[in-house]
Protein chains: 2
Amino acid sequence: MLDSRILGELAAIVGADNVLTEKQDMLCYSYDATQMEFLPSAVVHPANAQEVSAVLKLANREGFPVFPRGAGSGFSGGALPKAGGIVLVTTRMNRILRIDTENLIAEVEPGVVTELFQQEVEKLGLFYPPDPASLKFSTLGGNVAENAGGPRAVKYGCTKDFVMGLEVVLPSGAIIRTGGETYKGVVGYDLTKLLCGSEGTLGIITRIIFKLLPYPDAKKTMLTIFDSIDGAAKAVSAIIGGKIIPTTLEFMDYATLQCVERRFNLGIPPEGRAVLLIEVDGDRDLIEKQAGQIHAIIKPLGLVQFRAAENAVESEQLWKVRRLVSPSLRDINPDKTNEDIVVPRSKVPDVIRRIEAIQQKYDVPIVNFGHAGDGNIHVNVMIDKQIPGMPERAEGAVKEIFQAALDLGGTMSGEHGVGLSKAPYIELELSPDQIGAMKAVKHALDPNNILNPGKMFPGGEGTHAAG
Amino acid sequence: MLDSRILGELAAIVGADNVLTEKQDMLCYSYDATQMEFLPSAVVHPANAQEVSAVLKLANREGFPVFPRGAGSGFSGGALPKAGGIVLVTTRMNRILRIDTENLIAEVEPGVVTELFQQEVEKLGLFYPPDPASLKFSTLGGNVAENAGGPRAVKYGCTKDFVMGLEVVLPSGAIIRTGGETYKGVVGYDLTKLLCGSEGTLGIITRIIFKLLPYPDAKKTMLTIFDSIDGAAKAVSAIIGGKIIPTTLEFMDYATLQCVERRFNLGIPPEGRAVLLIEVDGDRDLIEKQAGQIHAIIKPLGLVQFRAAENAVESEQLWKVRRLVSPSLRDINPDKTNEDIVVPRSKVPDVIRRIEAIQQKYDVPIVNFGHAGDGNIHVNVMIDKQIPGMPERAEGAVKEIFQAALDLGGTMSGEHGVGLSKAPYIELELSPDQIGAMKAVKHALDPNNILNPGKMFPGGEGTHAAG
């Protein structure tokens with residue numbers, strides 16, 4: 001617990017109305033999209049970088065940890081105050097400061113909700129592609145801190161690829177700018193990209209300069225169903241080998257399909273074993289041509305059904321299969337562990353086969369769907385926590401799933417991050433020297449280890465020299 | 001000077017044939033594309049990461065500095081051994097290890113020459129877009145260390161945007177992998193991007209995993225001449241505003257044009273004040289359509305001439321104007337200072353006007369050309385070092401040019417880096433807290449300051465805590 005003197009200082013910094021200390025007020029800042037829960041000692045809502053800076057200086061002086069938080073929609077516990085201390089919420093900093101249509105950049109505060117930002121830039125004919133599933137409530141600051149992805153990443157890249165510059169409050173309280181508003185810039189180290197995906201452990205983002213694109217002329221959605229996983233996976237490589245990089249290449253396995261079909265009866269043919277939901281965007285004539293090319297390319301690969309939307313209404317209809325996945329899953333079991341491994345694109349069938357074997361071994365239902373274009377598979381282990389032994393079996397399965405991804409040249413996480421939930425596994429993926437170098441960077445910027453301690457690296461961080 | 005015991009140890013690590021200590025052998029490792037020159041104490045040519053590691057461990061133990069070097073084609077002195085010590089040359093590590101056509105990635109050693117790599121991937125129908133002017137001799141390792149750009153960056157990005165993973169020898173001698181071969185990955189800090197553009201101060205790159213693209217179907221080159229700088233600059237914004245992102249948007253000002261025309265007589269109309277060399281690539285039908293759209297968009301902007309190439313031969317003909325710039329410049333004066341400022345795209349006319357005023361003030365000829373699409377202008381101050389006072393006037397002009405770029409929201413360098421030549425100016429661009437954070441990162445990874453000391457930050461680096 002923080003004593004009343006410190007709480008008084010916090011109130012002096014952010015205003016008494018922006019400090020919460022009552023349990024009922026703090027509850028909704030104690031959890032995220034994982035099933036973990038940790039109550040903070042206090043919650044503060046600063047209005048700007050100067051207030052964030054003052055909070056961090058106080059934290060250094062008094063030795064309490066600070067946990068930055070956007071909307072709390074993370075899937076790895078990255079915003080949870082495990083070690084106690086204060087949660088610093090960025091949602092009051094929620095202004096879109098400017099959208100520059102001539103230079104195709106925008107400057108925003110971190111608390112802006114992703115979808116709202118997309119809508120504003122689209123009104124001006126511009127495009128901000130990153131589309132994490134949480135976009136209706138997640139904040140741009142959180143997206144940057146976690147390097148959020150989404151279906152469109154296969155063509156456009158992840159959040160990091162759109163961040164040109166930041167204003168950041170370092171753990172010391174120093175307010176710095178990184179990067180800038182030019183497309184190129186090589187003066188000094190790239191602290192911008194270092195901050196992206198650092199999960200709130202190296203600094204608190206208070207402004208973001210994003211790169212934007214012209215909004216694509218048109219898009220075309222295709223629902224394609226294959227008689228095998230291998231066919232669908234080969235289709236992905238064949239399409240890209242055919243010089244077409246679709247906006248999205250969303251994949252669903254048989255278990256996922258069955259789940260959706262059982263609940264919603266969408267008329268998926270019984271011989272369908274895997275779905276690819278393909279979307280291309282760009283010039284109106286070109287995408288029609290590409291849709292034809294895609295059909296020709298994938299036809300020999302065990303194609304069972306090919307449906308191409310002729311308009312926006314039909315496109316929404318086709319996307320339904322994908323959007324209904326989440327609401328269907330809980331028919332299998334009430335609880336799920338949602339992992340997001342990545343393998344090189346060509347290894348998708350191998351990893352699916354490995355997961356099938358893991359499912360048999362641990363006797364837990366697993367459904368796979370996700371972003372086949374970049375090899376990013378959401379692996380959902382569906383369990384019922386009330387069934388004795390099942391959570392432990394799921395844990396064993398998850399560890400083997402991570403190992404399978406790593407064996408195939410992949411990574412444990414493409415979008416969700418490490419946070420608390422994957423910290424115990426990080427040594428599966430990173431060598432002691434890699435972790436040593438990362439901890440050295442953390443310690444250099446946060447010698448008192450006050451910013452989001454205990455995240456990413458197991459057993460705290462920031463105490464070792466370079467590996 | 002290194003004593004014979006240390007030289008003996010170096011010979012034991014890399015082989016006696018791969019250690020140079022005679023002045024005549026070391027001369028060609030004492031300079032780069034700047035006009036600076038520093039003779040090292042020895043030059044070593046390691047064959048692999050293990051040898052690089054052993055050299056760095058020895059350097060830490062004995063306290064001598066190590067200066068990594070690719071082809072030495074840099075424009076900022078980044079590879080020069082100013083403080084004495086050894087130059088470590090990466091050119092023996094010159095294998096293309098694999099090109100994976102299914103996952104569109106390649107793994108290479110750092111000493112591979114950029115153009116050679118491009119040719120090899122193009123044979124397989126793939127595309128590695130970064131195209132620094134030095135590509136015929138520069139190495140990929142150097143390109144990564146400097147985050148090299150080039151004309152195609154406006155559409156495709158710089159070298160960094162194609163680096164997915166690295167093998168790096170840290171200053172301590174630890175060999176680590178960063179990133180990987182998946183398009184997504186959020187486990188741990190992004191050391192890959194931190195290393196890109198760190199100018200050989202944080203680690204020595206021994207392997208690179210690059211992302212590749214399908215080779216574009218076709219390209220179309222257009223030479224467009226305007227009656228004013230403003231017209232050309234407006235054309236850039238109007239084309240991109242028209243939802244076309246060309247592969248290149250190369251710009252030449254009136255002084256450049258005059259220079260080329262005087263020497264080569266290409267038939268540039270006398271009322272031409274600025275050139276844009278525009279290239280689009282992609283689908284064959286689409287680029288023809290885009291060429292028509294571009295013509296319509298730029299016609300009202302003071303267009304004096306529009307020539308579109310119908311084939312590769314004509315395209316080469318149009319590129320001639322751009323390629324003849326460098327050989328023409330020395331007609332003005334024998335020596336040049338080549339800077340590469342960047343401003344937001346819409347600020348190109350403003351910065352050109354500021355540079356015209358600076359030219360008047362300091363009475364030195366200045367020609368401007370470069371990559372208008374991303375606001376990256378190569379500013380060439382043409383001087384004769386023999387004329388008393390002229391070098392000093394040029395120095396004054398350069399400092400004001402940097403300040404002009406910064407005043408307009410830009411940066412001192414988009415491609416060349418800081419190295420030695422811009423280190424004295426870095427405080428114009430970065431705040432003490434920014435520099436403090438960068439030095440803290442440097443010190444964390446290189447506590448003995450043995451790797452490329454004296455680069456980037458004025459007066460050495462690595463001695464301060466975080467800002």
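Every residue gets a number counted from 1 within its own chain, in the order that chain's sequence is written. Chain A is the first chain written and ligand 1 is the first ligand written, with later ones labelled in order. Note on the predicted model: pLDDT of at least 70 is required for a residue's local features to be given, and 80 or more for side-chain atom pairs to be given and counted; whole-chain, interface and lining totals, by contrast, use all residues. Side-chain descriptors were evaluated using all non-hydrogen atoms of the structure, hydrogens and water having been removed beforehand.

**Overview of the relation of the copies chain A and chain B**
- A residue counts toward the fit only if its pLDDT is at least 70 in both copies, and the copies are then superposed by least squares on the C-alpha atoms of those residues. With an RMSD of 0.0 Å, chain A superimposes on chain B once it is rotated by 180 degrees and translated 0.0 Å along the axis. A rotation of that kind, with that shift, is consistent with a two-fold axis.
- Working rule for contacts: check all heavy atoms of both residues, and any pair within 4.5 Å makes them a contact. When the interface residues of chain A are mapped onto chain B, 100% of them are again interface residues, pointing to one common binding face.

**Things to note about the sheet that holds strand β4 (residues 86–89) of chain B**
All names here are of chain B.
- Ordered in space as β1-β2-β4-β3, the 4 strands form an open sheet in which the pairing is mixed. A single partner strand is all that each edge strand has here, and the edge strands are β1 (19–20) and β3 (66–69).
- Two strands make a pair as long as DSSP finds a minimum of two bridges between them. Put simply, DSSP marks the helices as runs of H or I at least four residues long and the strands as runs of E at least two long, and each gets a number from the N terminus on. Inspection of the sheet shows strand β2 (residues 42–44) paired to β4 by 3 bridges, in the parallel sense. Its bridge partner being in β4, Ala42 is matched across the sheet by Ile86.

**Re the domain arrangement of chain A**
All names here are of chain A.
- Reported domain spans reflect what an automatic or database domain assignment gives. By domain assignment, chain A separates into domain 1 (96–214), domain 2 (218–326) and domain 3 (332–417).
- One C-alpha centre belongs to domain 2, the other to domain 3, and the line joining them spans 22 Å.
- At the junction of the two partners, domain 2 supplies 18 residues and domain 3 supplies 15 residues.
- Buried area: the sum, over both parts, of the accessible surface (1.4 Å probe) that disappears when the two are put together. Together domain 2 and domain 3 conceal approximately 1,300 Å² of surface at their shared face, both sides included; 63% is due to carbon and sulfur atoms.
- Salt bridge, as used here, is a side-chain nitrogen of Lys or Arg placed within 4 Å of a carboxyl oxygen of Asp or Glu. For Arg353, the salt bridge identified is with Asp230, shortest N-O distance 3.1 Å.
- In the analysis that follows, any N or O atom pair within 3.5 Å is treated as a polar contact, provided that within protein one partner can donate a hydrogen and the other can accept it, and provided that, for residues neighboring in sequence, both atoms belong to side chains. At the junction of domain 2 with domain 3, the criterion picks out 7 residue pairs in polar contact (both at pLDDT 80 or more).
- Within the residue set of the side of domain 2 that touches domain 3, elements represented by two or more residues are α8 (229–241), β13 (248–252), α9 (254–264) and α12 (325–329).
- Examining the composition of the side of domain 2 that touches domain 3, we find that 6 residues originate from one element, α8, more than from any other.

**A look at the pattern of salt bridges**
- Using the criterion set out here, one finds 62 salt bridges over all chains in the structure.
- Here A:Arg354 makes a salt bridge to A:Asp407, at a shortest N to O gap of 2.8 Å. Of this pair, A:Arg354 sits in helix α13 (residues 348–362) while A:Asp407 sits in helix α14 (residues 390–407), and the two are 53 residues apart along the sequence.
- For B:Lys184, the salt bridge goes to A:Asp374, with nearest N and O atoms at 3.4 Å. Note that B:Lys184 is positioned in the loop between β9 (175–179) and α7 (191–195) and A:Asp374 in the loop between β17 (366–371) and β18 (376–383), a pairing that runs across two chains.
- Each member of the salt-bridge network shares a partner with another, and the members are A:Asp3, A:Arg5, A:Glu9, A:Arg61 and A:Glu62.

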